[in-house]
Each structure stands twice: as structure tokens, then as C-alpha cells.
Amino acid sequence: MADTIPTRLLIISDTHGEDFDSNTRPQQRADVVLHCGDLTDGSKLEEFHTALNMLRSIDAPLKLIIPGNHDFTMDRDAFTTKVAEAKQPLNPELVAQEYGRVGQAQQLFDDSKDEGIVFLHEGTHQFTLNNGAMLTIYASPYTPALGAWGFQYHPNHGRRFDIQGGTDIVMTHGPPKGIMDFTSSRERAGCTDLFAAVAQARPRVHCFGHIHEGWGAKLVTWKDSGINEPSRFTSIDNNNSSVIENLNTLKKIKFDSNDIVEEKQAKVEQLRQHRCASTSHCAQDEYPLVAGSQTLFVNAAIMGDGDVVQRPWLVDIELPKQGGNVGD
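Computed from a prediction, not measured in an experiment: that's the story for all the values here.

**Thoughts on the side chain of Thr143**
Positionally, Thr143 belongs in strand 7 (residues 143-144). Residue classification places Thr143 among the buried positions, given a relative accessible area of 1%.

Written as C-alpha cells, this is what we have:
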């Protein structure tokens, strides 16, 4: 690990136009913030301004963001189609006042680049962090759906996620199939194509949101390579994988003993106090993340049902040092 540097990530998703208040704003400093989309609830300009102010308030030199399906005005085709297909013709000036003109929402973020806020288009990006680490990240806002929101594709048509080998972090709005993607109706809402691409690339971290009920983190150990069609059934070594935290470990159920109820209440209170959930997998930790053999999956959707405190994730990992040769 001599050619890697401990790096702190603050991962967040699905803020839906809300800002932190003085009791919930993360206080910990991070090397980079990753916002996995749904910055807004209705893609209104006012909500984008709130999202920008929220990002500015977090102590980190670099903040990387992607949009989600609710941020449909950032998807030029979806925005144009929504306006055109309205049941009653819309007044263009009123639309512009509330939602902005085509491209205006994204321009707000492009104009904030000097503040360390970077809008990521779909694809691979590289950054040299202030701590000397090199970050290679793949980003995509697209999710499978039949609705008329933004950045969506028909589930039956599939989508190619071109994640290259050597990618450190995959940042998407939606989850891969089978990983923290259960909806409230107990349906899997993740993407099969995304899972296959991640299983092939094996990044250190894959972070996302979208499915609010899937909040949590899981350290996955991969089976030996050579699988032609990766799936959650064939690619994961479940015996050596572990759930770090999810809503099942926090929510009370009727079968819980008094001791378990107290344990869950203590965890929820700790989340309130710390303002973040946290996990660390650096070289000096008890369970260091083995690059190429393991991936830490994080669902950071913070908008829950109100029963449990869903907080951003603070993740410590090792990233390659600028100019280093990991593994040599």
C-alpha cells in the first residue's frame, strides 16, 4: 500500500431540494464529496440554488455531482418533451421563471466550478486530489424506468455502462441489480447491465442512491474471474461479503428482543450525533479493502420515511498516489 494514500469520501444522494440545518449538517472534513443525484424534487431553479448552497457549506475542496431522474431539466430531451407534451400549452415565460430555460440549471453548476463544485457528464473522469491521490471515477445518471423523468431508459432496452479497468469509484444515480435495491414493495429496482459492468471492472467503491429504502453499505468480495455473464448469483462470494449497515439493522420490528431494540436505538442516536454513518477500509484498519477483489457498495439516499435517521456516508479508503504504481 506504499503507493496509495488514505482518502476520505463524503457520499450523499437524494437531497431532493432540501438543505441541512444546523443540527444535521456534516461537520467532518472530507477530501471529496460525491452527490449521486436527485439534487431536487421537482427540478426547479430555486431547488438547484438550495443544492448549491448545501454543497458550499460542506468542508471539502472538491465536490462532484451527477443529476438524478428528478433533475429532469438537466436532461435537455426530457425537459423539452415534458413541456411539449403538457396537456395544456404552457406559457414559456412562466416555465423559464420556475424551471429555467434549457441548459440553465446545468449552467448554474458549470459557473460554480471555481468553487470546487464539478458537474460530471456520463463517462470517466480523473482528478488529482489535494492530498496527492489520483482519483479515476466513472459517472452515470441513467436509471431504468418507464416514466417521463430525466436520464432514464426503457428497462427492456438495456444500457451500456462503459466502466474501464482501473476505475477507483463508480458513481451512479441508481443501484446495480441485487445490491441495496429493494423497494418498499420488496421488488428489485436495480440495473442488471450496471451490475455486470461493475462486476467486470471491480472498482474500490460503487456509490448511488435513488432507492431510498436501500440506504446502507455492503462490502462485497468477488468470486474468481472468468464468469462470462456476471450476476449477483454467480459473481459474489457471499461467505466473505458483509453488510456494514442498512435500515434492517436500524428499524425496530415486532420480533426484536428488548436488547436488540436498545441496540438499534443506540445506533440511531449515534447517527444523529455524528451526522454521518461511517466505515473505514484503509491499510491500517482491521478490514482493509482489497483492490481488485472487493468493492464497497454505498447507497447514500438520505430522504427516508422519517422513522429512521438516514445520514450521508463518510468512507475512508486508499486511493492511488499521483504517479504511483499500485501493486508494484
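**Structural notes on the pattern of salt bridges**
Side chains bearing opposite charge may pair, as long as their charged atoms lie close to each other. Under the definition given, this model contains 13 salt bridges. Between Arg8 and Asp316 there is a salt bridge, and its shortest N-O distance comes to 2.8 Å. Pair noted here: Arg8 is in strand 1 (residues 4-12) and Asp316 is in strand 15 (residues 313-320), with a separation of 308 residues, a long-range link. Overall, the relative accessible area of 28% leaves Arg8 in the partly exposed class. The buried category is assigned to Asp316, whose relative accessible area is 16%.

**Examining the environment of Cys191**
Mapped onto the elements, Cys191 comes out in the loop between strand 9 (169-172) and helix 5 (192-201). Taking C-alpha positions, Cys191 is 25 Å from Ala277, a pair spaced 86 residues apart along the chain. In this structure, Cys191 is in contact with Pro144, Tyr153, Phe161, Pro175, Pro176 and Lys177, ignoring residues within four places of it in sequence.

**A closer look at the sheet that holds strand 11 (residues 216-221)**
Reading across from one edge, 5-6-9-10-14-11-12 is the order of the 7 strands in this open sheet, with mixed pairing throughout. Edge strands, defined here as strands with exactly one partner in the open sheet, are strand 5 (123-128) and strand 12 (242-246). Mean inter-strand twist for the sheet, computed between neighbouring axes without regard to direction, equals 20 degrees. Taken together, the 3 bridges between strand 9 and strand 10 (residues 205-208) define a ladder with parallel strand orientation. Paired with Met171 across the two strands is Cys207, which belongs to strand 10.

**Examining the packing of aromatic side chains**
Tallied over the full model, the rule gives 9 aromatic pairs. Seen in terms of ring centroids, Tyr153 and Phe161 are 6.5 Å apart; in terms of plane orientation they differ by 65 degrees. Their pairing is edge-to-face. By relative accessible area, Tyr153 is classed as buried at 8%. Accessibility expressed as a relative area gives 7% for Phe161, which makes it buried. With a centroid separation of 6.1 Å and an interplanar angle of 70 degrees, the aromatic rings of Trp222 and Phe297 are classed as edge-to-face.

**Brief notes about empty space enclosed by the protein**
Across all of its chains, the model carries 1 cavity of 30 Å³ or more by this definition. Estimates place the volume of the largest cavity at around 40 Å³. Lining the largest cavity are Tyr142, Thr143, Pro144, Tyr153, Phe161, Gly174, Pro175, Ala189, Cys191, Leu194 and His210. Split by residue class, the lining of the largest cavity holds 8 nonpolar, 3 polar and no charged.

**With respect to the sheet that holds strand 2 (residues 32-35)**
Taken together, 6 strands build an open sheet; the order of strands is 4-3-2-1-15-13 and the sheet is mixed. Looking at strand neighbours, the two that pair on one side only are strand 4 (117-119) and strand 13 (277-280), the edges of this open sheet. The mean inter-strand angle of the sheet, taken between neighbouring strand axes irrespective of direction, is 25 degrees. Sheet topology places strand 2 next to strand 3 (residues 63-65); 3 bridges connect them, and they run parallel. From the neighbouring strand, Leu34 faces strand 3, where its bridge partner is Leu64.

**Quick look at unusual backbone geometry**
With glycine set apart, most residues show a phi of negative sign, and most peptide bonds adopt trans. With phi around 50 degrees, His16 is a residue other than glycine that occupies positive phi space. Here His16 is to be found in the loop between strand 1 and strand 2. Accessibility expressed as a relative area gives 7% for His16, which makes it buried.

**Some details on the UniProt feature "domain: Calcineurin-like phosphoesterase" (unreviewed entry) in the protein chain**
Mapped onto this structure's residue numbering, the UniProt feature "domain: Calcineurin-like phosphoesterase" (unreviewed entry) falls at residues 8-213. As a span, residues 8-213 carries 22% helix and 19% strand, and end to end its C-alpha atoms are 25 Å apart.

**Considering the pairing of strand 14 (residues 294-299)**
The element strand 14 is extensively covered by neighbouring structure, given that 6 of its 6 residues are classed as buried. Neither face of strand 14 is left uncovered, since the one carrying Gln294, Leu296 and Val298 and the one carrying Thr295, Phe297 and Asn299 both have all their residues buried. Alignment of strand 10 against strand 14, held across 4 bridges, turns out to be parallel. Across the sheet, the residue bridging to Phe208 is Asn299, located in strand 14. Taken together, the 6 bridges between strand 11 and strand 14 define a ladder with antiparallel strand orientation.

Rules of the game
- Residues numbered from 1 in each chain as written.
- Predicted model: local features only at pLDDT ≥ 70, side-chain atom pairs only at ≥ 80, totals over all residues.
- Heavy atoms only, no water.
- Helix = DSSP H or I, 4+ residues; strand = E, 2+ residues; numbered from the N terminus.
- Buried < 20%, exposed > 50% of the residue type's maximum accessible area, 1.4 Å probe, protein only.
- Salt bridge = Lys/Arg side-chain N within 4 Å of Asp/Glu carboxyl O.
- Contact = heavy atoms within 4.5 Å.
- Pairing = 2+ DSSP bridges.
- Axes fitted to C-alpha atoms, helices over the stretch in contact; angles between N-to-C directions.
- Phe/Tyr/Trp six-rings, centres within 6.5 Å; stacked < 30°, edge-to-face > 60°.
- 1 Å grid on protein atoms, 1.4 Å probe; cavity = no way out; pocket = protein on both sides within 12 Å on 5 of 7 lines; lining within 4 Å.
- Points joined across faces, edges and corners; volume = space filled by probe spheres on them.
- Nonpolar A, V, L, I, M, F, W, Y, C, P; charged D, E, K, R; others polar.
- UniProt positions renumbered as here; feature names shortened; annotations may be inferred.

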